[in-house]
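# Understanding the architecture of this molecule
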Amino acid sequence: MIIIFVKFDSKDTFFIAYFQQSFIIFTDMNSDFYFIIGLMSGTSLDGIDLVFVQFDKKEYKNFKILAADTISYKDYWKEKLQTAIHFCEEKLLKLDIDYGELLGAEIDVFIKKNNIKNVDFVASHGHTILHEPAKGITLQIGNGKVISEITNKKVICDFRTQDVTYGGQGAPLVPIGDELLFANYDYCVNLGGFANVSFKENKKRIAFDICAVNIVLNYYVQKLGFEYDDKGQIAETGKINYELLEKLNALEFYKKAPPKSLGLEWVQTNIFPLIDKMEHDIPTILRTFIEHSAIQIGEIIHKNESVLITGGGVFNSFLMQRIEFYAGNKIAIQSNELINYKEALIFAFLGLLRLENQVNCLRSVTGAKQDHSSGVIFNV
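The structure contained in this document is the topic of the report that follows. (Residues numbered from 1 in each chain as written. Predicted model: local features only at pLDDT ≥ 70, side-chain atom pairs only at ≥ 80, totals over all residues. Heavy atoms only, no water.)

Assignment of secondary structure puts Y187 in strand β10 (residues 187-191). Taking C-alpha positions, Y187 is 26 Å from D229, a pair spaced 42 residues apart along the chain. The residues contacting Y187, other than those within four sequence positions of it, are V197, S198, F199, I300, I301, N304, S306, V307 and L308. (Helix = DSSP H or I, 4+ residues; strand = E, 2+ residues; numbered from the N terminus. Contact = heavy atoms within 4.5 Å.)

This is how it looks when you write it as structure tokens:
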């Protein structure tokens with residue numbers, strides 16, 4: 001047994017005490033810090049990302065990730081989330097409750113596993129099922145009231161709906177975090193189910209979805225029995241179908257000016273039918289689509305050395321090589337913690353801004369009629 005007693009004065013805000021070789025995170029609820037749990041589930045279905053973050057109330061960019069974890073989806077949930085786009089309203093309402101129960105249970109496990117004693121609130125992105133902002137539709141499941149009841153914590157969620165009602169895309173939402181937490185980078189890129197980018201132009205934050213990435217790569221590699229293409233090794237063995245590549249690069253979406261965003265519906269309508277019509281060899285499909293994604297991403301960040309790239313796609317080293325080729329420069333690799341959990345971190349931050357009624361949705365990014373503070377709060 002190991003017991004360490006730590007003495008601290010009134011200026012200290014937290015300490016870690018070790019007891020029986022486990023740790024407990026103590027926090028001062030009346031301190032100068034917020035302590036928040038953030039959750040994110042992306043379209044690539046890698047799992048549920050959870051972070052426990054400390055934010056300095058006076059200087060937000062002084063944050064610390066105190067604990068983090070990714071919970072992989074069981075096959076049951078993967079199938080549900082992949083097919084929910086076709087559910088009727090009644091089944092979607094049930095799924096919203098069921099998924100909220102899943103998130104609540106996983107938050108409780110995360111809290112117990114990390115011996116977290118105090119949490120100001122939980123900020124949950126949920127999981128996107130429907131996203132067609134042109135039709136005024138966006139749906140992220142994971143019922144906040146249910147999560148609050150299970151965890152006995154304040155919950156802030158549903159960050160996208162208000163923006164869509166204001167005429168915006170409801171996405172991307174991460175750029176406010178790029179603006180306030182990572183302003184030292186010229187470009188912030190996330191490589192998840194979709195690639196998106198955020199940057200400053202004419203003193204305004206501009207952001208948009210660039211192209212599909214893992215949502216397509218994972219779909220095809222799973223036909224070979226793998227969850228994902230580790231480091232892009234299968235793609236690297238394939239050949240480029242140049243006719244398919246030309247068709248992909250010619251898609252109308254790439255000609256549109258921002259703000260613009262993508263969803264599973266767009267992939268199912270524009271990407272899968274095109275690929276399935278023109279190519280059946282999986283390594284060739286993966287190789288061709290990596291080239292396509294790299295061209296689209298490289299064109300945006302061309303010849304710029306101040307680029308922050310995060311998200312699961314960073315671990316696809318072959319994809320990163322091709323992005324660097326088209327970008328024309330090397331890209332610095334960040335810590336695994338930041339690569340894996342930047343989006344969950346920023347949704348915790350979005351919750352903080354909503355709690356303080358500060359702007360967390362930028363009209364220059366989403367195209368909404370105004371900047372606004374978005375998110376629904378469920379109190380205990």
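Let's pick the thread back up.
Quick look at the sheet that holds strand β13 (residues 307-310) now. An order of β12-β11-β10-β13 is seen for the four strands of this open sheet, with the pairing classed as mixed. Two strands bound the open sheet, and with one partner strand each, they are β12 (204-212) and β13. Across the sheet, the mean angle separating the axes of adjacent strands is 15° when strand polarity is ignored. One ladder, built from four bridges, connects β10 with β13; its direction is parallel. Looking at the pairing, V189 lines up with I309 of β13. (Pairing = 2+ DSSP bridges. Axes fitted to C-alpha atoms, helices over the stretch in contact; angles between N-to-C directions.)

To continue, consider the packing of helix α8 (residues 242-249) against helix α9 (residues 264-278). Two numbers describe a pair of packed helices, the interaxial angle and the distance between the axes. Packing of α8 against α9 leaves a shortest axis separation of 10 Å and a crossing angle of 160°. As summarised for this structure, α8 and α9 are arranged roughly antiparallel, according to the angle between their axes. In this structure, α8 crosses over α9, and the sense of that crossing is right-handed. Contacts between α8 and α9 involve E243, L244, K247 and L248 from the former and I271, L274, I275 and M278 from the latter. When its residues are assigned to classes, the contact of α8 with α9 shows six nonpolar, no polar and two charged. (Parallel < 35°, antiparallel > 145°, perpendicular 65-115°, else oblique. Left-handed = near helix turned anticlockwise from the far one by under 90°. Nonpolar A, V, L, I, M, F, W, Y, C, P; charged D, E, K, R; others polar.)

For β12, the tally of buried residues reaches eight of nine residues, placing the bulk of the element in the interior. As judged from the eight bridges shared by strand β11 (residues 194-201) and β12, these two strands associate in the antiparallel manner. Its bridge partner being in β12, F194 is matched across the sheet by A212. Between β11 and β12, which follow one another and run antiparallel, lie two residues, and N202 among them has a positive phi close to 50°. (Buried < 20%, exposed > 50% of the residue type's maximum accessible area, 1.4 Å probe, protein only.)

To continue, consider the nonpolar core. In terms of nonpolar packing, the biggest core is built from 83 residues, with L191, V216, I271 and I301 touching the most fellow members. If one sorts the elements of this core by residue count, helix α2 (residues 89-113) sits on top with eight residues. In contact with I271, not counting residues within four places along its chain, are V216, L248, L251, W266 and F289. Core analysis: the second largest hydrophobic core is formed by 33 residues, F121, I176, A207 and A344 among them. (Core = buried A, V, L, I, M, F, W, Y, C linked by side-chain atoms within 4.5 Å.)

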